Amino acid sequence: MRTTFIAIFLCFIVFSVVGQTASGGLRVNDVAPDFTSVDQNGKSVNLKNKLTHGPVVLVFYRGEWCPYCNKQLKELEDSMKMITGKGATVIAVSPETQANVAKTVRKTKAKYSVLSDDNLKIMNAYKVAYSLDDDMIKKYKGYGIDFAEKNGTNGNNLPVPAVYIIGKDGKVTYSHYDENFKERVSVMEILAHL
């Protein structure tokens with residue numbers, strides 16, 4: 001009986017550790033990597049500079065073709081007064097080209113900074129980037145989504161949809177990372193952690 005209990009306990013520990021290391025992304029208290037990029041308005045956006053004004057809500061989204069992404073980005077725009085009321089800034093990041101970022105902005109009415117992540121520098125730094133396998137590429141092509149057109153030189157790479165709240169000290173204070181692209185953090189959850 002005791003041996004069975006110990007075996008079950010050890011399996012639980014192993015699966016817990018595997019689950020944690022397999023999920024990826026940054027964790028609470030990790031230092032958020034600094035970055036500079038250009039937004040949809042041609043303005044240079046630097047994380048450290050934004051943090052001097054207050055916390056940053058950093059959102060990684062897949063592209064203008066993703067209805068779950070568009071819904072999330074629209075909800076953030078619709079709630080912007082509540083977010084800025086807490087002193088925060090929103091920045092969204094995607095592997096899509098600038099032309100497709102413009103489509104995202106039109107669809108979501110986003111007035112906050114939306115960045116095209118050239119060469120996946122930001123996505124890789126935040127450990128959210130992954131490459132689609134051949135079966136998934138074929139499946140998306142069947143839906144009319146061609147990543148060479150959508151992402152340009154970023155190709156068949158996407159981010160796991162993730163949201164990080166970064167405090168003025170440059171550390172992650174909240175992390176939502178979910179490989180199920182349908183599972184998104186609510187605006188109320190974000191507000192509760194600002």
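The structure presented is a predicted model; accordingly, all values stated were derived computationally and were not measured.

Colleague: Help me understand the confidence of the model for the chain, please; the structure alone is not making it clear to me.
Modeller: Do not read the fine detail of predicted coordinates wherever pLDDT is low. Averaged over the chain, the pLDDT score is 89; the fraction of residues at 70 or greater is 88%. Scored below 50 in pLDDT, residues 1-23 makes five contacts in the model with residues more than four places away or belonging to other chains.

Colleague: For this particular structure, what's the right way to read the nonpolar core?
Modeller: The tendency in soluble globular proteins is for nonpolar side chains to be buried as a group. Among the nonpolar cores identified, the biggest contains 31 residues, and Val57, Val59, Leu76, Val90, Tyr112 and Val114 are the most heavily contacted of them. Broken down by secondary-structure element, the contributors of at least two residues to this core are strand E3 (56-60), helix H3 (67-78), helix H4 (80-85), strand E4 (89-94), helix H5 (98-108), helix H7 (134-142), strand E8 (162-166) and helix H9 (187-192). Once residues lying within four places of it in the same chain are set aside, the contact partners of tyrosine 112 are Gln40, Leu73, Leu76, Glu77, Met80, Val90 and Ala92.

Colleague: In this structure, what is going on with the environment of asparagine 154? I would like to understand it.
Modeller: Tracing the sequence through the fold places asparagine 154 in the loop between helix H8 (147-151) and strand E7 (157-159). Between the C-alpha atoms of asparagine 154 and proline 95, which are 59 residues apart in sequence, the distance is 6.2 Å. Ignoring any residue separated from it by four or fewer positions in sequence, one finds asparagine 154 in contact with Pro95, Asp117, Asp118, Asn119 and Leu120.

Colleague: Looking at this structure, I do not really get the packing of H3 against H5. What am I missing?
Modeller: In a pair of packed helices, the angle between the axes and the distance between the axes together describe the arrangement. The N-to-C vectors of H3 and H5 enclose an angle of 60 degrees; their axes lie 9 Å apart at closest approach. For the element pair H3 / H5, the angle class is oblique. You can see that H3 and H5 cross each other, and the crossing is right-handed. Along its contact with H3, which presents Asn70, Leu73, Lys74 and Glu77, the element H5 presents Thr104, Lys107 and Thr108. Partitioning the contact of H3 with H5 into residue classes produces one nonpolar, three polar and three charged.

Colleague: What's the story with the side chain of glutamate 64 in this structure? I'm lost.
Modeller: With respect to the helices, strands and loops of the structure, glutamate 64 is situated in the loop between E3 and H3. Note on glutamate 64: relative accessible area 5%, which makes it buried.

Colleague: Can you walk me through unusual backbone geometry in this structure?
Modeller: Glycine aside, the phi torsion of most residues is negative, and most peptide linkages are trans. Look at asparagine 29: it is not a glycine, yet its phi comes out positive at around 80 degrees. Inspection of the secondary structure assignment puts asparagine 29 in the loop between helix H1 (2-23) and strand E1 (36-38). Backbone geometry places leucine 120, a non-glycine residue, at a positive phi of 60 degrees. Position of leucine 120 relative to the elements: it lies in the loop between strand E5 (113-116) and helix H6 (121-125).

How each quantity is defined
Residue numbers restart at each chain and count upward from 1, following the sequence in its written direction. Since the coordinates come from a predicted model, pLDDT governs what is reported: local features require at least 70, and pairs of side-chain atoms require 80 or more to be given and counted, while whole-chain, interface and lining totals use all residues. Hydrogens and water are ignored here; the side-chain numbers use all heavy atoms of the structure. pLDDT runs from 0 to 100 and stands for how confident the predictor is about each residue. In this description, contact between two residues means that some pair of their heavy atoms is separated by no more than 4.5 Å. We define a nonpolar core as any set of buried Ala, Val, Leu, Ile, Met, Phe, Trp, Tyr and Cys residues linked to one another through side-chain atoms lying within 4.5 Å. Throughout, exposure labels follow a simple rule: accessible area from a 1.4 Å probe, protein chains only, divided by the maximum for the residue type, with under 20% read as buried, over 50% as exposed, and the rest as partly exposed. Helix and strand labels come from DSSP, where a helix needs a run of H or I of at least four residues and a strand needs a run of E of at least two; each type is numbered from the N terminus. Every axis in this analysis is a line fitted to C-alpha atoms, fitted for helices over the stretch in contact. Angles between the N-to-C directions lie between 0 and 180 degrees. An angle below 35 degrees is read as roughly parallel, one above 145 as roughly antiparallel, one from 65 to 115 as roughly perpendicular, and any other as oblique. Here is the rule for handedness: rotate from the far helix to the near one, and if that takes an anticlockwise turn smaller than a right angle the crossing is left-handed, while a clockwise turn gives right-handed. Three classes are used: nonpolar for Ala, Val, Leu, Ile, Met, Phe, Trp, Tyr, Cys and Pro, charged for Asp, Glu, Lys and Arg, and polar for all others, with Gly counted as polar.

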